[in-house]
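Reading the structure
Listed here are the chains, written in short residue letters.
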Amino acid sequence: MKRLSGKTTLQQKLTIGVVVILSVLFGSVLGLHLRTVNVMHQMIYEQMESQADYYQQNLENEIGQILNLQIAFFNDRNLPFVTGPVIDISDYELRNSLLSVESRIQSIVNISSLVDTAVLYLPKSNYIISPSGIGRIRSADEAQMERYLSVGNSSIFFDEEGYYCVQTGESGLNFSKDPNYIFVIRFSSAQIAKAIGRIAGEGDGGAFLYRVSDGVCVEGAGDLQEAGEVAELIGGIENFDVDKPVQLKIDKTRYIAVIGSPGALGYFIQYEKSEARTRYIWQSWLAVTLFLLVTAGMACGFIWFTKKAVHEPMNELVTAFDRMRAGDLNYHIDRRDTNSEFDYLYREFNDTQDKLQLLIEDNYNQRNLLEKAQFKQLQNQINPHFLYNSFFILRRRIQRGDVEGAADIAAHLGDYFKYITRDGSDHMPLWQALEHAKSYAAIQRSRFGERIQIEFEELPAKFHDLSVPRLILQPLLENSFAHGIENLASGGLIRIRFETEEGLRIIVEDNGQ
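Residues numbered from 1 in each chain as written. Predicted model: local features only at pLDDT ≥ 70, side-chain atom pairs only at ≥ 80, totals over all residues. Heavy atoms only, no water.

1. Quick notes on helix α11 (residues 474-483)
Since there are 3.6 residues in each turn of an α-helix, residues three or four apart along the chain are aligned in direction. Cut-off, in case you're wondering: A 1.4 Å probe rolled over the protein chains alone gives each residue an accessible area, and that area as a share of the maximum for its type sets the label: buried under 20%, exposed over 50%, partly exposed in between. The helix and strand labels rest on DSSP assignments: H or I over at least four residues marks a helix, E over at least two residues marks a strand, and numbering proceeds from the N terminus. The directions from the helix axis to the C-beta atoms are what the arc is built from.
Of the residues making up α11, those classed as buried are Gln474, Leu477, Ser480 and Phe481. For α11, the angular spread of the buried residues around the axis is 125°, confining them to a single face.

Spelled out as structure tokens, the structure:
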């Protein structure tokens, strides 16, 4: 539609409006969903953290109770009687003291399933006491004692057999430099793994203990190889945050790992496949995406419907108006008999087109008559005024004795009045109208003298016989004289030229004010 070029059409406005509404809707839905997803992620992390903290705390409390029992064991009143030969007791009393210490060790072992065994070494008296019995220290036991003495007190250590804790010291009755006893409690790796395994729950993952210092990993649940790979990745993370979720990737599988605070047995680590925890999040993303696609599809359908039901009929109506504006009053819009608003508009347009054509024809006839009357009146107005001025100039020339100049003016006056008083049509060939304008300009120039110059461009030959109103040029020249160069003392210029790029344009221009 040429008439609407460069402007925003109704369809474009409607499309822009729908796009803006969809953008706001999509932005709101996505923003709300992202916020919901962040909350869900936070809830997942907090659940994993609280679960890990709960089981880790229970495990640490149980380990702490066992270590407290290990320390409290040294307060046993029978212990000094079995530490060495310092105290002279009978064999019966020694036997009872050894059995009492053995019973105390057995009670420590039985108090928790995490304890695998406990061994008391008495180097001064050469006894070794464990839940399985009382015996003498052998060479292999001495090597074991040396290894235990090398690691120190209080901390929990790990070797090929599992976790263990060593306490060494002297009894209250013997202040010898060498320890009177070495008490070792060994923990059951299987039971520790079982305790850790409770945290795995129903998720697709596991949990394990990890000691960063020596790279020890005790798996409690889940795939052992998988846990080892998680431990290896965590071991390679420098300065990882405790109690903060860690995102890991093994091959093409993503994991969420929660690293608890370091405890007596090491770091407690729970891991789970991201897919297991975020399944509902992805399902929600799928639902939101489906909703947005359906909404976008409905919007596109609405735009297509409005294009067919509104925009195209409107285009047809606008095209009809364009053709009417171009002068094609015979164009009619084909009715579709749809009983719609546009069908009514089409019918009314066709009726208006017919009536308009009749009115234009009547108006044209009336205007033609009116123009003729106005033209006659203009001739009557021009003739007396111009005649007075011309005779005045002619009189001045005769008074000065300028016979030749007076003759030229008289000749031009004759041509001028011969042209305007000629009977016949009010239209003349353009070349005759141009000659008349030259006569008029020559008479006016005799009035202004050397103050002005008048230039006429050559009329193109193909427009010589073009029919134009009789006085088409004189009013334009008269306007330039009266309002353009009237007050110029010198250097006045009037130029009449022709442009033929699109038809013919007659241009009268001056350099007046």
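2. So, the packing of aromatic side chains
Each aromatic ring pair is specified by the distance between its two centres and by the angle formed by the two planes. In plain terms, the rule: Note on aromatic contacts: the rings of Phe and Tyr and the six-membered ring of Trp form a pair at centre separations within 6.5 Å, being stacked when their planes are under 30 degrees apart, edge-to-face when over 60 apart, and tilted otherwise.
Tallied over the entire structure, the rule returns 11 aromatic pairs. The interplanar angle of 35° and the centroid separation of 6.2 Å between the aromatic rings of Tyr416 and Tyr440 together place this pair among those described as tilted. Residue Tyr416 is found in helix α9 (residues 403-420), and its partner Tyr440 is found in helix α10 (residues 430-448); the two are separated by 24 residues along the sequence. With relative accessibility at 0%, the residue Tyr416 sits in the buried group. Overall, the relative accessible area of 1% leaves Tyr440 in the buried class. Taking 5.5 Å as the distance between ring centres and 20° as the angle between the ring planes, the aromatic pair formed by Phe448 and Phe481 counts as stacked.

3. Focus: the sheet that holds strand β2 (residues 127-130)
Rules: Strand pairing requires that DSSP identify at least two bridges connecting the strands. Under this scheme, a helix contributes an axis fitted over its contacting stretch, all axes are lines through C-alpha atoms, and angles between N-to-C directions fall in the 0 to 180 degree range. By definition, residues are in contact when any of their heavy atoms lie within 4.5 Å.
Within the open sheet, the 6 strands sit side by side as β3-β2-β1-β6-β5-β4. Their pairing is antiparallel. Either end of the sheet is taken by a strand with one partner, and the two such strands are β3 (133-136) and β4 (156-159). Across the sheet, the mean angle separating the axes of adjacent strands is 25° when strand polarity is ignored. Here strand β1 (residues 115-122) runs beside strand β6 (residues 181-187); their pairing, made up of 6 bridges, is antiparallel. When the bridges of β6 are listed, Tyr121 appears paired with Ile182. Here helix α3 (residues 91-110) sits on the sheet and contacts β1, β2, β3 and β6; the angle it forms with β1, its principal contact strand, is near 150°.

4. As for the packing of α10 against α11
For the record, the criterion: Every angle not falling under 35 degrees, over 145, or within 65 to 115 is termed oblique; those three ranges are roughly parallel, roughly antiparallel and roughly perpendicular. Two helices cross in a left-handed way if the nearer one is turned anticlockwise from the farther one by less than a right angle. They cross in a right-handed way if the turn is clockwise. Note on residue categories: nonpolar means Ala, Val, Leu, Ile, Met, Phe, Trp, Tyr, Cys or Pro, charged means Asp, Glu, Lys or Arg, and polar means any other residue, Gly included.
Close contact between α10 and α11 brings their axes to 10 Å; oriented N to C, the two are set at 20°. By the criterion of interaxial angle, the relationship of α10 to α11 is roughly parallel. In the crossing of α10 with α11, the sense of the turn from one axis to the other is right-handed. Mapping the contact onto sequence places His436, Ala437, Tyr440, Ala441, Gln444 and Phe448 in α10 and Gln474, Leu477, Glu478 and Phe481 in α11. Considered class by class, the residues forming the contact of α10 with α11 number 6 nonpolar, 3 polar and 1 charged.

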